[in-house]
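Structure at a glance
In case you want the letters, here they are:
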Amino acid sequence: MYSKVTELWVGIFVAAAVAALFMLAMQVSNLSLAGSDEGYTVTARFDDVAGLNVRAPVRLAGVRIGRITSIEVDSTRFQAVVKMHIQSPYDNLPEDTTAAILTEGLLGAKYIGLDPGGSLENLGEGSEIIITQSSISLEKLIGQLFVNLTGGSD
């Protein structure tokens, strides 16, 4: 003997569970419905961005301060151009900040780590980070190790 009130409460509970699972899926996949548009965009050029994805985090001292908005190829310089959106509370990054593509753990996801410099001028909208360190390729390291262990080409 089910009543309409019981059916209503079960429906509300199921809807809340589906909403909670949706929000969890958004968190896990680095997506957000309520993204902050406040902040500024900077670019950096890298020789190799293997494994780096759009929406990957930009971190300073391990804290996420932004996200990657686009990755394109400069057809003149043949480098990858990465655009990053930095949140507004971090608008005082020095102009000589460096950027490196790092990995979470041994084989984890890639992200950009920023290391602030000592300049008195700050990065702003449209600034470019000049000093960068590209992604380290595990395949290239293993190949180089193999070449070194076998004595190179004789």
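Computed from a prediction, not measured in an experiment: that's the story for all the values here.

Counting its regular elements, the protein contains two helices and eight strands. Its helices and strands in sequence order give the protein the pattern α-β-β-β-β-β-β-β-β-α, from N to C terminus. Sorting the 154 residues of the protein into buried and exposed places 27% on the buried side. In the protein, once contacts between residues fewer than 6 apart in sequence are set aside, the share between residues at least 24 apart is 63%. Here the protein has roughly 10600 Å² of accessible surface; of this, 61% comes from carbon and sulfur atoms.

For the structure shown, the criterion picks out zero aromatic pairs. Over the aromatic face of Y111 sits the side chain of R59, whose NZ or CZ is 4.9 Å from the ring centroid.

It is worth spelling out the side chain of H85 at this point. Relative to the assigned elements, H85 resides in strand β4 (residues 79–87). Residue H85 is classed as buried on the basis of its relative accessible area, which comes to 17%. Side-chain polar atoms of H85 contact the backbone oxygen of E38, separated by 3.3 Å.

So, on to helix α2 (residues 138–149). Compared with the 16 Å implied by 1.5 Å per residue over twelve residues, the 16 Å span of α2 between its first and last C-alpha is a close match. Within α2, only zero of the twelve residues are buried, which leaves it mostly out in the open. In the stretch just after α2, G151 is the one whose phi turns positive, near 85 degrees.

What follows covers the sheet that holds β4. Across the sheet, which stays open at both edges, the eight strands sit in the order β7-β1-β4-β3-β2-β6-β5-β8 with mixed pairing between neighbours. Each edge of the sheet is formed by a strand with only one pairing partner; in this case those strands are β7 (128–129) and β8 (132–133). When strand β3 (residues 63–74) meets β4, the two strands line up antiparallel, connected through eight bridges. Bridge assignment links V73 to a residue of β4, and that residue is A80.

Time to look at the nonpolar core. Among the nonpolar cores identified, the biggest contains 22 residues, and M84, I86, I112 and L114 are the most heavily contacted of them. Residue assignment for this core shows that the elements contributing at least two residues are β1 (39–46), β2 (57–60), β3, β4, β5 (98–103) and β6 (110–115). Discounting residues that sit within four places of it in the chain, I112 has contacts with F46, L52, P57, V58, R59, I68, V82, M84, A99, A100 and I101.

Before going further, it helps to examine the pattern of salt bridges. If you walk through the whole model with that rule in mind, you get three salt bridges. Here E128 makes a salt bridge to R45, at a shortest N to O gap of 3.0 Å. In this pair, E128 sits in strand β7 while R45 sits in strand β1, placing the two residues 83 residues apart along the sequence. By relative accessible area, E128 is classed as partly exposed at 31%.

The rules behind the values
- Residues numbered from 1 in each chain as written.
- Predicted model: local features only at pLDDT ≥ 70, side-chain atom pairs only at ≥ 80, totals over all residues.
- Heavy atoms only, no water.
- Helix = DSSP H or I, 4+ residues; strand = E, 2+ residues; numbered from the N terminus.
- Buried < 20%, exposed > 50% of the residue type's maximum accessible area, 1.4 Å probe, protein only.
- Contact = heavy atoms within 4.5 Å.
- Areas by Shrake-Rupley, 256 points an atom, 1.4 Å probe, with all protein chains shown as cover.
- Phe/Tyr/Trp six-rings, centres within 6.5 Å; stacked < 30°, edge-to-face > 60°.
- Lys NZ or Arg CZ within 6 Å of the ring centre and 35° of its normal.
- Polar contact = N/O pair within 3.5 Å; in protein donor to acceptor, adjacent residues only side chain to side chain.
- Expected span 1.5 Å × (residues − 1).
- Pairing = 2+ DSSP bridges.
- Core = buried A, V, L, I, M, F, W, Y, C linked by side-chain atoms within 4.5 Å.
- Salt bridge = Lys/Arg side-chain N within 4 Å of Asp/Glu carboxyl O.

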